[in-house]
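# Coordinate inspection notes
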Amino acid sequence: METLTKESTTMNVEEVNNENSGKELIERWQIPNSPFTVITVEGKNFGVMGEYRVTEEMESRGAVEDELKCISWNRIIQVMMILDQIRTKDKDFDKKVNEKLETKNK
C-alpha cells in the first residue's frame, strides 16, 4: 500500500514532470445509469464492471461507451456471470442486497 505524503506547493513544473515521468496514468469514466466504467491506460481504452473487464481494447473512449451502451445477449450473459462470480466470492452478498432493497422500499 502506498503512503501518501503532503508535498510543498512551491515545487516547480520540471520537478513534477521528472517525478511523474515513469508513472503510468490511469483514467476512469463512469458511464451514467450503468454499472460500467471506461478505463484508459497509456492511450488504450476498455470497459469494466467492477474488477472485471468486459470489452476489448479500443482506440477511443467513445467507442467503448458505445459498445457498453449496446445491450446485447452477450452483454447480458457477461453481467450475469460477473454477478455470479461476485456472489460466489462474497458469502454475505444476498444479505447485503436484501438489506439495500428493504431500506429502499421503506
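Calculation rules
- Within each chain, residue numbers correspond to sequence positions counted from 1 in written order.
- The predicted origin of the model limits local features to residues at a pLDDT of at least 70 and limits the giving and counting of side-chain atom pairs to 80 or more, whereas totals for whole chains, interfaces and linings rest on all residues.
- In computing side-chain values, all of the structure's heavy atoms are included and hydrogens and water are not.
- What counts as a helix is a DSSP run of H or I of at least four residues, what counts as a strand is a run of E of at least two, and both are numbered from the N terminus.
- Here a polar contact means two N or O atoms within 3.5 Å. Within protein one must be a hydrogen donor candidate and the other an acceptor candidate, and residues neighboring in sequence count only if both atoms are side-chain atoms.
- For this analysis, residues touch if any pair of their heavy atoms sits within 4.5 Å.
- A pair of strands is treated as paired once DSSP finds two or more bridges between them.
- Within a predicted model, pLDDT stands for the predictor's per-residue confidence, ranging from 0 to 100.
- One side-chain nitrogen of Lys or Arg within 4 Å of one carboxyl oxygen of Asp or Glu is enough to make a salt bridge.

We now examine the side chain of Thr 37. Mapped onto the elements, Thr 37 comes out in strand β2 (residues 37-41). At 2.9 Å, the side chain of Thr 37 forms a polar contact with the side chain of Gln 30. Not counting the four nearest positions on each side in its chain, Thr 37 is found in contact with Arg 28, Trp 29, Gln 30, Phe 46, Gly 47, Val 48 and Leu 68.

Further remarks concern the sheet that holds β2. Where strands meet in a sheet, backbone hydrogen bonds hold them as pairs that are either parallel or antiparallel. Taken together, the 4 strands give an open sheet; going across it, the order is β1-β2-β3-β4, and neighbouring strands pair in antiparallel fashion. Looking at the sheet topology across the chains shown, the edges are occupied by β1 (26-30) and β4 (52-53). As paired elements, β1 and β2 share 5 bridges and run antiparallel to each other. Each bridged residue has a counterpart across the sheet, and for Arg 28 the counterpart in β2 is Ile 39.

Per-chain confidence: the protein averages 81 in pLDDT, with 77% of residues scoring 70 or above. Predicted confidence in the protein is weakest over helix α1 (residues 13-20), with a mean pLDDT of 54, and strongest over β2, with 96. Note on residues 1-13: pLDDT under 50 across the span, and 3 contacts to partners over four residues away in sequence or across chains.

The next point concerns the pattern of salt bridges. Considering all chains together, one arrives at 6 salt bridges under this definition. Between Glu 65 and Lys 69 there is a salt bridge whose closest N-O contact spans 4.0 Å. Residue Glu 65 and its partner Lys 69 are located together in helix α2 (residues 61-69), separated by 4 residues, close to a single helical turn. One salt-bridge network, held together by shared partners, links Arg 61, Glu 65 and Lys 69.

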